There are 2 protein chains.
Amino acid sequence: MSKQGVTPRSEDYSAWYNEVVVQAELVDNPEKTPVRGCMIIKPYGYELWEAVKSNLDRRFKETGHQNAYFPLFIPMSFLEKEADHVEGFAPELAVVTHGGGKELAEPYVIRPTSETIIGEAMSRWIQSFRDLPLLLNQWANVVRWEKRTRPFLRTSEFLWQEGHTAHATHDEAQAEALQMLDIYAEFAIEKAAIPVIKGQKSDQERFAGALRSYTIEAMMGDGKALQAGTSHNLGQNFARVFDIQYVDENNEQQYCWTTSWGVSTRMVGAIIMAHGDDQGLRLPPEIAPIQVVLVPIWRKDEEKVGVLEVVDRLRDTLKAKGLRLHVDLRENVTPGYKFNDWEMRGVPVRIEIGPKDVEKGSAAIARRDIPGKAGKEFINQDKVVDHVLQLMVDIQANLLKQATEFRDSNITIVENDYEKFGEILRNNGWALTWFCGGAECENRTKEDFQAVSRCFPLDQPQPAMKGKCICCEGEADRMAYFAKAY
Amino acid sequence: MSKQGVTPRSEDYSAWYNEVVVQAELVDNPEKTPVRGCMIIKPYGYELWEAVKSNLDRRFKETGHQNAYFPLFIPMSFLEKEADHVEGFAPELAVVTHGGGKELAEPYVIRPTSETIIGEAMSRWIQSFRDLPLLLNQWANVVRWEKRTRPFLRTSEFLWQEGHTAHATHDEAQAEALQMLDIYAEFAIEKAAIPVIKGQKSDQERFAGALRSYTIEAMMGDGKALQAGTSHNLGQNFARVFDIQYVDENNEQQYCWTTSWGVSTRMVGAIIMAHGDDQGLRLPPEIAPIQVVLVPIWRKDEEKVGVLEVVDRLRDTLKAKGLRLHVDLRENVTPGYKFNDWEMRGVPVRIEIGPKDVEKGSAAIARRDIPGKAGKEFINQDKVVDHVLQLMVDIQANLLKQATEFRDSNITIVENDYEKFGEILRNNGWALTWFCGGAECENRTKEDFQAVSRCFPLDQPQPAMKGKCICCEGEADRMAYFAKAY
């Protein structure tokens, strides 16, 4: 009964996040979860993940991908085959040394990602050009042992999908990597209402073993960046290491070009931080587990019958329109408590029906994206359905608009001014600046401002131009976003 | 290109199974899968699992259950709290001893099932009678280190759902356990066309730590039994061990009553073995990933255009009816090869369109459940849609009918004749007989015939009667099925 109010975001954003995920019942209290660094996802949080999952899964299938399932365990020797890859993941591995009461001859690691084990399978499954492209996806749990963890953002075990594809040519693999990035961005923008920026990672920030890594970067409510999904053109690196070859039309052996791409439960963290306010979550209608909550209000028993009659009727008509709806019939808490509770959970629309509404044939409708009285209207009961359907569209659009305006107001273009660049980053802003892409420069910004490049946006603001790198002043042909990040 | 034919079932049922799962491309070849005892589920096999999943998930949600997600890792100390439970699972545990480059202070086991970690969470989440019932489900991978493994039937890692619920009273928990058994049985019978028998496990065969275990038992094509799903009333055992208490209406502390229930990728094995024949799989239309395959046939290029025109038109009209459909456009294999291939994969209906069909306005339609010419009809193209929709119903019904007749013809009621009882079991039949339920008796049948009781059917053939136990001749008030089992 204590879940009434969280630390304001302006006071302590981190505390706000930690309190919201618990009070909105997205996860079990991390301090009480018995496995360090792992989260228990509670039903409401899992429903959000299911919304991410079902939307993406549909898009994957529409674009010809098929789901498969590969083992949780990966022989240590597989990981060691690709030098960059093992170097990137070694510090984070969980290792199984015993099975069935015996010590294992070769220890298994729990998959931190599955390029290696899927690469080995592809080498056996692909024979000829006719077997290409091979377009696989897997929904799975992965483990990366993390020192500091936060629910959804960084946990030792997390849920994700990992796509793995093999192609005959570089260009096809490249097109695939970019297609999946588009699908991620479309989901983020259209469904999660997060105006992500599509871009390419610097060499240093690239996935371990990839040729090129692409990302969708989202701005959180405190201005920090969050990598919400990645897509990699792996070139022929994994194909050479795992011998993924095909016989082409001329009967010659060729190495495949592979890709991988993933979105994880981190996306749930992005949704929380892109839209949340001091009252809690604000969920976009497209992915909200509950789109409308109906709160009946009465004091005397004789009022109850009439109120519930109206509530039941509205429930039925709204459900018939396909809306996801909940009626809050709890009798041991006050209406005010219920309002706060559903605001904390970010339900887009709340409908209140009291004895006066029964008399007048009205309903009080509050939209979550506009706080207080400004967001509350009294509507004729006959018009509730149309009004609510319109609100679904409006709230979805408004959340995206607000997030876009917030994002744009926190991006500053900066050229040839390292001091100003630093000031932007120190204030949790995003700096869009010329960048040579070098590791030394990135190490310097990391040391100076705890920030590295987020990406070279695919949509360059001055595509035909060149400039001077913000760090080394060497020639730079692309601009990059720099920001502190989760 | 070698996937043309498998060992006949009558010759070597086990070889038949192992060949079918590979040739129908349900799984990667187990001999080549690099992680011993784990399977790689290929797309076609995974689609079957997705059909199981989506059907069950919908039913779980309709009955008020919510999905959640709990950690893969379980502290060893949790498992040790329930004596029977740890004894049951200890020999099969995979143990993580190292994480992030360091030895762990307390080793984690990889969940073999999650009663313990979910029980601990329930103890914190449940305070009052208002929090009950708590109805959770989790879709997850689990690990039980197995010595002898077979794809889907017994693998070291498998996929499943595990439901975990807490209730105020014994009767509610009991009703829940039986409700979930009903949902499993309905899925098996109505969707998978497997005439499972619902029953209760003997004390010895009961889940480690349960009060009562229920099962759906399916008869496979060789007569052996397969436990296809289980549901347990856990009594107050786990509640006492994990201190899952609630304050009742009289303000008194009470222990909860909990249940757990699960269906795994084993169900896919059941579908294969309940229906498969010497040509491969036979899939019930309700769950078939592909319900209809269209095979265009032509020799000369000038024939191709006309054939594909008809095929495209049929594809569109059939798809518009919601049928799951594939057009086999491969040009490097013969029509005969394609026919065998789709028969191996168990696609319920095949439509062939050749140049003569273009001329005559006809289509050749072959149903997978009736082999050869008897199952093939030539239909006017205008009537294909109605005919195929009817076939979906007929094939679904016919597979269930065939499996039911096979099951019933392999069940023998036997009383007071241990020798005959043994003969039935030796011939892979099911014996329905009086059984006292004692462990000694069951150990004896195990030793004598490698068979134990499968269940006391809920639907007793002679409910008001008593009889003499087939083994010890002591009083028995229920009859049980005995059979060899997977």
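In this text the structure is predicted, and so the values were computed from the model without any measurement. (Residues numbered from 1 in each chain as written. Chains lettered and ligands numbered in written order. Predicted model: local features only at pLDDT ≥ 70, side-chain atom pairs only at ≥ 80, totals over all residues.)

**Points about the interface of chain A and chain B**
Here is the rule: Our contact criterion uses C-beta atoms placed from the backbone: two residues qualify when those atoms are within 7 Å. Strands are runs of DSSP state E lasting at least two residues, helices are runs of H or I lasting at least four, and both sets are numbered from the N terminus onward. For two strands to be treated as a pair, DSSP must find no fewer than two bridges joining them.
Residue-level contacts link 42 residues of chain A with 42 residues of chain B. When residues of the side of chain A that touches chain B are traced back to their parent elements, those giving at least two are α2 (43-62), β1 (66-67), β2 (73-75), β3 (94-99), α5 (115-125), β5 (134-143) and β6 (157-167) of chain A. Top contributing element to the side of chain A that touches chain B by residue count: β3 of chain A, with six residues. Bridging between β3 of chain A and strand β3 (residues 94-99) of chain B involves five bridges; their strand directions are antiparallel. Paired with Val 96 of chain A across the two strands is Val 96 of chain B, which belongs to β3 of chain B.

**Remarks on the sheet that holds strand β19 (residues 430-434) of chain A**
Residues and elements named next belong to chain A. Taking strand neighbours across the sheet as the criterion, the eleven strands line up as β1-β5-β6-β12-β9-β8-β7-β20-β23-β19-β18 in an open arrangement whose pairing is mixed. The sheet terminates laterally at β1 and β18 (411-413), the two strands that pair on one side only. For β18 and β19, the ladder comprises three bridges, and the chain directions are parallel. Within β19, the position partnered with Thr 412 by the bridge is Ala 431.

**Looking at the packing of helix α2 (residues 43-62) of chain B against helix α8 (residues 266-275) of chain B**
All names here are of chain B. Which entries qualify depends on this criterion: Note on method: axes are straight lines fitted to C-alpha atoms, helices fitted across the in-contact stretch only, with angles between N-to-C directions ranging 0 to 180 degrees. Throughout, the term roughly parallel applies to angles under 35 degrees, roughly antiparallel to angles over 145, roughly perpendicular to angles from 65 to 115, and oblique to all others. Under this grouping Gly is polar, as are all residues other than the nonpolar Ala, Val, Leu, Ile, Met, Phe, Trp, Tyr, Cys and Pro and the charged Asp, Glu, Lys and Arg.
Following both chains from N to C, one finds α2 and α8 inclined at 105 degrees, their axes separated by 9 Å at the closest point. By the angle between their axes, α2 is roughly perpendicular relative to α8. Packed against α2, whose contacting residues are Gly 45, Leu 48, Trp 49 and Val 52, the element α8 presents Met 267, Val 268 and Ile 271 at the interface. Within the contact of α2 with α8, the residues separate by chemical class into six nonpolar, one polar and no charged.

**Section: unusual backbone geometry**
Trans is the prevailing form of peptide bonds, just as negative phi is the prevailing case for residues other than glycine. Note the cut-off: Neighbour counting defines burial: a residue surrounded by 20 or more other C-beta atoms within 10 Å of its own C-beta is buried, one with 12 or fewer is exposed, and intermediate counts give partly exposed, using backbone-placed C-beta atoms.
A cis amide bond links Leu 132 of chain A to the next residue, Pro 133 of chain A, at an omega of -10 degrees. You can see Pro 133 of chain A is positioned in the loop between α5 and β5. A positive phi is found at Asn 428 of chain A, a non-glycine position, where the angle reads about 60 degrees. Mapped onto the elements, Asn 428 of chain A comes out in the loop between α13 (418-426) and β19. The exposure class of Asn 428 of chain A is partly exposed, given the 17 C-beta atoms found within 10 Å. A positive phi angle is found at Glu 25 of chain B, which is not glycine, with a value near 60 degrees.

**Observations concerning the pairing of strand β8 (residues 212-219) of chain A**
Residues and elements named next belong to chain A. The buried count for β8 comes to seven of eight residues, which makes it a mostly enclosed element. Relative to β8, strand β7 (residues 197-200) is paired through four bridges, and the arrangement is antiparallel. Across the sheet, the residue bridging to Lys 198 is Ile 216, located in β8. As defined by bridge partners, β8 adjoins strand β9 (residues 225-233) across eight bridges and the pair is classed as antiparallel. Pairing of Ala 218 across the sheet is with Leu 226, part of β9. Here β8 hands over to β9 after five residues, with Gly 223 in that stretch at a positive phi of 95 degrees.

**A look at the domain arrangement of chain A**
Note the cut-off: Domain ranges listed in this record stem from an automatic or a database domain assignment.
Taken domain by domain, chain A comprises domain 1 (13-275), domain 2 (292-391) and domain 3 (411-483). Computed over C-alpha atoms, the centres of domain 2 of chain A and domain 3 of chain A are 49 Å apart.

**Description of the pairing of strand β23 (residues 479-483) of chain B**
When a strand is regular, its side chains alternate between the sheet's two faces. Residues and elements named next belong to chain B. Summarising burial for β23: five of the five residues are buried, a large majority. Neither face of β23 is open: one carries Met 479, Tyr 481 and Ala 483, the other Ala 480 and Phe 482, and all of them are buried. Strand direction decides the pairing type here: strand β19 (residues 430-434) and β23, joined by four bridges, are antiparallel. Bridge pairing in β23 places Ala 431 opposite Phe 482.

**Here we look at the sheet that holds strand β17 (residues 376-380) of chain A**
Residues and elements named next belong to chain A. The five strands are arranged β14-β13-β15-β16-β17 in an open sheet whose pairing can be described as mixed. On the outer flanks of this sheet lie β14 (325-327) and β17, each paired with one strand and no other. Put simply, the sheet's adjacent strands are angled 25 degrees from each other on average, direction ignored. One ladder, built from three bridges, connects strand β13 (residues 292-296) with β14; its direction is parallel. What sits directly across from Val 292, in β14, is Leu 325.

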